[in-house]
Amino acid sequence: MGLPVEILYGEKTFSAVRRSVQEWKEAWPQARVRELAGVGHLPIVEGTKEVAKVKDEALKFWDEIAKTSPRAKQVVQIFKDYNEMMAKAGYPYRQNAKA
């Protein structure tokens, strides 16, 4: 499946993680790789603004997918409802990242 994939990792994360990025890129050739400057092993905590930007881009993508069919619209809505519920649940279930 050629769906978009974002690989995010922190510049200061473990060397094993940095080395594995190429393997993930081989598994998903369509992936876009983003190294987050100054971020360590917890990008969702240490790179909140950058992660929020990627999330916002993904939401736009899924809105476009939802327009393709009634079934797609239902599936996307299920994911949106789940994400909303998890955002309300807050930490430790979700970091409430806002750009």
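Look above for the structure.
Cut-off values and rules
- Residues numbered from 1 in each chain as written.
- Predicted model: local features only at pLDDT ≥ 70, side-chain atom pairs only at ≥ 80, totals over all residues.
- Heavy atoms only, no water.
- Helix = DSSP H or I, 4+ residues; strand = E, 2+ residues; numbered from the N terminus.
- Expected span 1.5 Å × (residues − 1).
- Buried < 20%, exposed > 50% of the residue type's maximum accessible area, 1.4 Å probe, protein only.
- Arc of directions from axis to C-beta.
- Contact = heavy atoms within 4.5 Å.
- Salt bridge = Lys/Arg side-chain N within 4 Å of Asp/Glu carboxyl O.

Caption draft 1: Representation of helix H3 (residues 48-66) in the model. Spanning 19 residues, H3 covers 27 Å between terminal C-alpha atoms, matching the ideal 27 Å at 1.5 Å per step. Of all the residues in H3, the buried ones are Val51, Ala52, Val54 and Ala66. Take H3 and look down its axis: the buried residues cluster within an arc of 160°, on one side only. Among the exposed residues of H3, those oriented more than 90 degrees off its buried face are Lys49 and Lys60. Residues of H3 that are buried sit in contact with strand E1 (6-10), strand E2 (32-36), helix H2 (43-46) and helix H4 (70-89).

Caption draft 2: Quick look at the pattern of salt bridges. Evaluated as defined, the whole model comprises seven salt bridges. Arg34 serves as the salt-bridge partner of Glu6, at 3.0 Å between the closest nitrogen and oxygen. With Glu6 in strand E1 and Arg34 in strand E2, this pair connects stretches of sequence that are 28 residues apart. Overall, Arg34 belongs to the buried group, its relative accessible area being 16%. Of the charged contacts in the structure, one is a salt bridge between Arg32 and Glu57, with a shortest N-O distance of 3.1 Å. One end of the pair, Arg32, is in strand E2; the other, Glu57, is in helix H3, with 25 residues separating them in the sequence. Judged by its relative accessible area of 43%, Arg32 falls in the partly exposed class. Counted as one network, the salt bridges with shared partners bring together Glu6, Arg32, Arg34 and Glu57.

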